[in-house]
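Below, each chain spelled out in residue letters.
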Amino acid sequence: MKAFFMRRSLLAAAGLGLALTTVLPAQASSNEVPPVPAPQLAETSAPPVATPYPDTTVAHDQVAQAFALAQKTHRKVLLDFGGNWCPDCKMLSGIFALPDAVRWLNSQFVVVPVNVGRVNTNLDLAARYGVTIKAVPTVIIVTPDGHALNGDGSTALGNARSMSPQAVLNLISSWNKRG
């Protein structure tokens, strides 16, 4: 009978050890900023931004700096690929500039606008994450360690002109919850 209780205690201890090992990885990632739902916006529209993307030559440096900052601050990186000629890109940037939107975006992400010219430059930056840019805007959310969370829906904001600001943030929020 004593052997039975000892074996049962060992199994319980082993089970506890298993439980501890499954809890530890979650605690290890507790440094990451937890996904917060998108705020409820009062605005139903946003003015477009005239020139939302910087010169094409700074993209690689900006992305590298964004990942360094994301690792330090435990946020994800939001890569916004577009062009200053693109009406949907200008509208998306206008939504991103709304006060409540910018506060939420900056709490969750390091946001990087990447100028792709006429969809002919900086495309390699998206390819790193398994995304081929065929249209803009293309938005990719990437963890600080380089894992894309929404490669399957990266072009969903391509019709930003017909989306409400709330719909845009809700979509980004759903991608953010993936990782």
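What you see is a predicted model, and the numbers here were worked out from it, not measured in a lab.

### Re the nonpolar core
One broad rule of soluble globular proteins: the nonpolar side chains tend to lie buried together.
Then, number 1: L79, F81, V114 and I140 are the most contacted members of the largest nonpolar core, which has 24 residues in total.
Then, number 2: Looking at this core, the elements that each hand over two or more residues are α2 (59–73), β1 (76–82), β2 (109–115), α5 (123–127) and β3 (138–142).
Then, number 3: When residues in this core are grouped by element, the largest group, five residues, is from α2.
Then, number 4: The contacts of F81, once residues within four sequence positions are left out, are Y53, V114, V116, N122, L125, A126, I133, V136, P137, T138 and I140.
Then, number 5: Grouped together as the second largest cluster of nonpolar side chains are 22 residues, A46, F96, I141 and M163 included.

### Here we look at the pattern of salt bridges
Then, number 1: For the structure shown, the criterion picks out three salt bridges.
Then, number 2: With its nearest N and O atoms 2.4 Å apart, the salt bridge here joins R103 to D100. With R103 and D100 both in helix α4 (residues 99–108) and three residues apart, the pair spans about one turn of that helix.
Then, number 3: The closest approach of N and O atoms between R178 and D152, which form a salt bridge, is 2.7 Å. Here the residue R178 occupies a position in the segment after α6 (165–176), and D152 occupies one in the loop between β3 and α6, the gap between them amounting to 26 residues.
Then, number 4: The exposed category is assigned to D152, whose relative accessible area is 65%.

### Focus on helix α3 (residues 87–96)
Then, number 1: Here α3 lies mainly inside the structure; eight of its ten residues are buried.
Then, number 2: Buried within α3 are the following residues: D88, C89, M91, L92, S93, G94, I95 and F96.
Then, number 3: Buried residues belonging to α3 abut β1, α4, β3 and α6.

Thresholds, definitions, all that
- Residues numbered from 1 in each chain as written.
- Predicted model: local features only at pLDDT ≥ 70, side-chain atom pairs only at ≥ 80, totals over all residues.
- Heavy atoms only, no water.
- Core = buried A, V, L, I, M, F, W, Y, C linked by side-chain atoms within 4.5 Å.
- Buried < 20%, exposed > 50% of the residue type's maximum accessible area, 1.4 Å probe, protein only.
- Helix = DSSP H or I, 4+ residues; strand = E, 2+ residues; numbered from the N terminus.
- Contact = heavy atoms within 4.5 Å.
- Salt bridge = Lys/Arg side-chain N within 4 Å of Asp/Glu carboxyl O.

Bear in mind that shape data such as this cannot, by itself, settle questions of function.
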